[in-house]
Amino acid sequence: MIKTDKLIICVAPLGSFISKEANPNIPLQPDEIAEEVYRSWNEGACLAHIHARDKEGKATTNPEVFRDIFRRIREKDCDIIIEFSTSPGREPGASVEDAFRVLEASPEMISLNVGTAVFMRAGKELVVPWIRSVDERLARAALEKGIKAEFELYCGVGSLVEINYLMETIPLPKPCWVDFPMDMQRTTQNATPFTPRNLMHLVDNLPPDSMFMALGVGAAQLPTAVQSILLGGHARVGFEDNIYYRRGVLAKS
């Protein structure tokens, strides 16, 4: 694992599901997202993990929306690293193949999810097959465009095996940048609960030449971020992971 003197703080201003009904301060449209990213950058964030929403507030992979967000952030003279999510949108027929649309917006980074996830929303199960063949094609496409991939692991140590495979198969630039989402078990099957031991086990199994950050959902956000930093990693915060500032108090930004 590569350790650095400087701490990388990633901000995730919105996700794919949470709406203003949960917290009216969540930014959904490009101007709101750009403003939230700009505020976060002024507070010390240097990486922004961004989802896009359509006019109705539903998650989308439309590259035009992503381009609009990118343009608005840069117009603020904000040089934060911009990473776009490649998670499927919520349009009819959306699938993992829509990830390739996001590359058309030419971000500096993309999230590359590793491990099949089963999301649970409104009593339904949504299977998202981030399988090896899809990840390999997406990693190669990102490499061709000069876009760095961030590996997001949903299924624990087994997903690290897939990262090793990709790093050995494709000449991806180092360091390998890995994100450990923790404590998503209330909405995602096969997710890794946050415990200090679980996070330490993941870090112990990182590929060589790796850097990592961890995110915790809800009440796990703060302890996950703190332990990630103590282990020599970095931290992600933001509305995608937690809509509260403290128990019972909604975050304003």
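Structural data are supplied above this passage.
Please read these numbers as outputs of a predicted model, since none were measured by experiment.

1. Comments concerning the pattern of salt bridges
- Summed over the entire model, instances satisfying the criterion amount to 18 salt bridges.
- Between Arg-132 and Glu-162 there is a salt bridge, with its nearest N and O atoms 2.7 Å apart. Of this pair, Arg-132 sits in helix α4 (residues 132-144) while Glu-162 sits in helix α5 (residues 157-169), placing them 30 residues apart in sequence.
- For Arg-132, a relative accessible area of 38% translates into the label partly exposed.
- Using a relative accessible area of 23% as the deciding quantity, one classes Glu-162 as partly exposed.
- Residue Arg-140 is joined to Glu-136 by a salt bridge in which the shortest nitrogen-to-oxygen separation is 3.3 Å. Of this pair, Arg-140 and Glu-136 both sit in helix α4, 4 residues apart, roughly one helical turn.
- By relative accessible area, Arg-140 is classed as partly exposed at 35%.
- On the basis of relative accessible area, Glu-136 is assigned to the buried category, the value being 17%.

2. Some remarks on the layout of surface pockets
- Approximately 860 Å³ is the volume attributed to the largest pocket.
- Taken together, 27 residues form the lining of the largest pocket, with Gln-221, Val-237, Gly-238, Asn-242 and Tyr-244 sitting closest to its centre.
- Secondary structure elements with two or more residues in the lining of the largest pocket: β1 (9-11), α1 (30-42), α7 (221-230), β13 (234-237) and β14 (244-246).
- Sorting elements by how many residues they give to the lining of the largest pocket places α7 first, with 4 residues.

3. Here we look at helix α6 (residues 196-204)
- When we look at burial in α6, the residues that qualify are Leu-199, Leu-202 and Val-203. Across the axial projection of α6, the buried residues extend over an arc of 100 degrees, all falling on one side. Seen from the open side of α6, the exposed residues pointing more than 90 degrees away from its buried face are Arg-197 and Asp-204.
- Tucked into the core, α6 has its buried residues touching α5, β10 (176-182), β12 (210-216) and α7.

4. Focus: the side chain of Asn-242
- In this structure, Asn-242 sits in the loop between β13 and β14.
- Among the residues examined, Asn-242 registers a relative accessible area of 14% and is labelled buried.
- Here the side chain of Asn-242 touches Gly-218 through a polar contact of 3.4 Å, landing on its backbone oxygen.
- There is a polar contact of 3.4 Å between the side chain of Asn-242 and the side chain of Gln-221.
- Once you skip the residues sitting within four places of it in the chain, Asn-242 turns out to touch Gly-218 and Gln-221.

Thresholds, definitions, all that
- As a convention, each chain's residues are numbered from 1 in the sequence order in which they are written.
- Per-residue local features of the predicted model are confined to residues with pLDDT of at least 70, and side-chain atom pairs are confined, for both listing and counting, to 80 or more; whole-chain, interface and lining totals are unaffected and use all residues.
- Side-chain calculation: all heavy atoms of the structure are included, whereas hydrogens and water are not.
- One speaks of a salt bridge when a side-chain nitrogen belonging to Lys or Arg is within 4 Å of a carboxyl oxygen belonging to Asp or Glu.
- By definition, any uninterrupted DSSP run of H or I lasting at least four residues is a helix, any uninterrupted run of E lasting at least two residues is a strand, and each is numbered from the N terminus.
- For every residue, the accessible area obtained with a 1.4 Å probe (protein chains only) is divided by the maximum for its type, and the residue is called buried under 20%, exposed over 50%, and partly exposed between those limits.
- Buried and open spaces are told apart on a 1 Å grid over the protein atoms alone, a cavity being a set of points where a 1.4 Å probe fits but cannot get out and a pocket being an open set with protein on both sides within 12 Å along at least five of seven lines. Residues with an atom within 4 Å of a point are the lining residues.
- Grid points are joined across faces, edges and corners, and a volume is the space filled by probe spheres set on the points.
- Note that the arc is computed from the directions linking the helix axis to the C-beta atoms.
- Contacts are assigned to residue pairs that have any heavy atoms within 4.5 Å of one another.
- Here a polar contact is taken to be a pair of N or O atoms separated by no more than 3.5 Å, where protein atoms must pair a possible hydrogen donor with a possible acceptor and residues adjacent in sequence count only if both atoms sit in side chains.

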